[in-house]
Amino acid sequence: MDRDDEPVFIRSKWGTSRYVYNPRNPIGLALIVISLLFAVVMLILMQERVGPFAPPEPTPWSTVPAYEPWPASTYAPDTYPTPSAEEPSTDDPSGP
């Protein structure tokens, strides 16, 4: 049987304009088998939770925090407070 003249993709017979693998072509049949094997292997890996579907390893618990939320060395108190509205400013050129 020489089936090399068959196209790899054919139009779907379900009334849509989609293309599907042609099982009469050896390459189309190989693509069907490879797709099914890939799907079955991925489903098994998902169910067994191995490979890329493995849960992350738990990190060991540490009593030392990974960061200091408010480092004391970066806080500097304001040495020049802003003048309030009640106090007269000495910078006012109009004066009392």
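Here the residue numbers are simple positions, counted from 1 along each chain's written sequence. With the structure being a predicted model, the display of local features is reserved for residues of pLDDT at least 70 and the display and counting of side-chain atom pairs for 80 or more, all residues being used for whole-chain, interface and lining totals. For the side-chain quantities, the full set of heavy atoms in the structure was used; hydrogens and water were omitted.

Draft legend 1. View of the side chain of Asn22. Tracing the backbone through its elements, the reader meets Asn22 in the loop between strand S2 (19-21) and helix H1 (26-48). A polar side-chain atom of Asn22 sits 3.1 Å from the main-chain amide nitrogen of Arg24. Helix and strand assignments follow DSSP, with helices taken as H or I runs no shorter than four residues and strands as E runs no shorter than two, numbered in order from the N terminus. Pairing of N or O atoms within 3.5 Å defines a polar contact, subject to two protein rules: one partner must be a possible hydrogen donor and the other a possible acceptor, and residues neighboring in sequence count only if both atoms are side-chain atoms.

Draft legend 2. Expanded view of the packing of aromatic side chains. The pairing test for Phe, Tyr and Trp rings, Trp by its six-membered ring, is centres within 6.5 Å, and the orientation test on the planes gives stacked under 30 degrees, edge-to-face over 60, and tilted for anything in between. One pass over the full model with this rule turns up 1 aromatic pair. Taken together, a centroid distance of 5.7 Å and an interplanar angle of 35 degrees make the contact between Phe9 and Tyr21 tilted. Here the residue Phe9 occupies a position in strand S1 (residues 9-11), and Tyr21 occupies one in strand S2, the gap between them amounting to 12 residues. A residue is classified by how much of its surface remains accessible, and Tyr21, at 33% relative accessible area, is partly exposed. Residue burial is assigned from relative accessible area. The probe radius is 1.4 Å, only protein chains are included, and a residue is buried under 20% of its type maximum, exposed over 50%, and partly exposed in between.

Draft legend 3. Up close: unusual backbone geometry. Of note in the backbone geometry, Arg49 takes a positive phi value of approximately 55 degrees without being a glycine. With respect to the helices and strands, the residue Arg49 is situated in the segment after H1.

Draft legend 4. Structural context of a nonpolar patch on the surface. A cluster of nonpolar side chains, contributed by Phe9, Tyr19 and Tyr21, occupies part of the molecular surface with about 330 Å² of accessible area. Assignment of secondary structure puts Tyr19 in strand S2. Patch membership requires over 30% relative accessible area and the absence of a salt bridge. Like charges are linked within 9 Å, and nonpolar side chains (Val, Leu, Ile, Met, Phe, Trp, Tyr) within 5 Å. The accessible surface values rely on the Shrake-Rupley method and a 1.4 Å probe; as for residues, cover is taken only from the protein chains in view. Any Lys or Arg side-chain nitrogen found within 4 Å of a carboxyl oxygen on Asp or Glu counts as a salt bridge.

Draft legend 5. View of H1. With 23 residues, H1 ought to run about 33 Å at 1.5 Å a step, and its terminal C-alpha atoms sit 33 Å apart, in line with that. After H1 finishes, the residue Arg49 shows a positive phi value of roughly 55 degrees. The span one expects for a helix is its residue count, reduced by one, times 1.5 Å.

What is shown is where atoms sit, not what they do.
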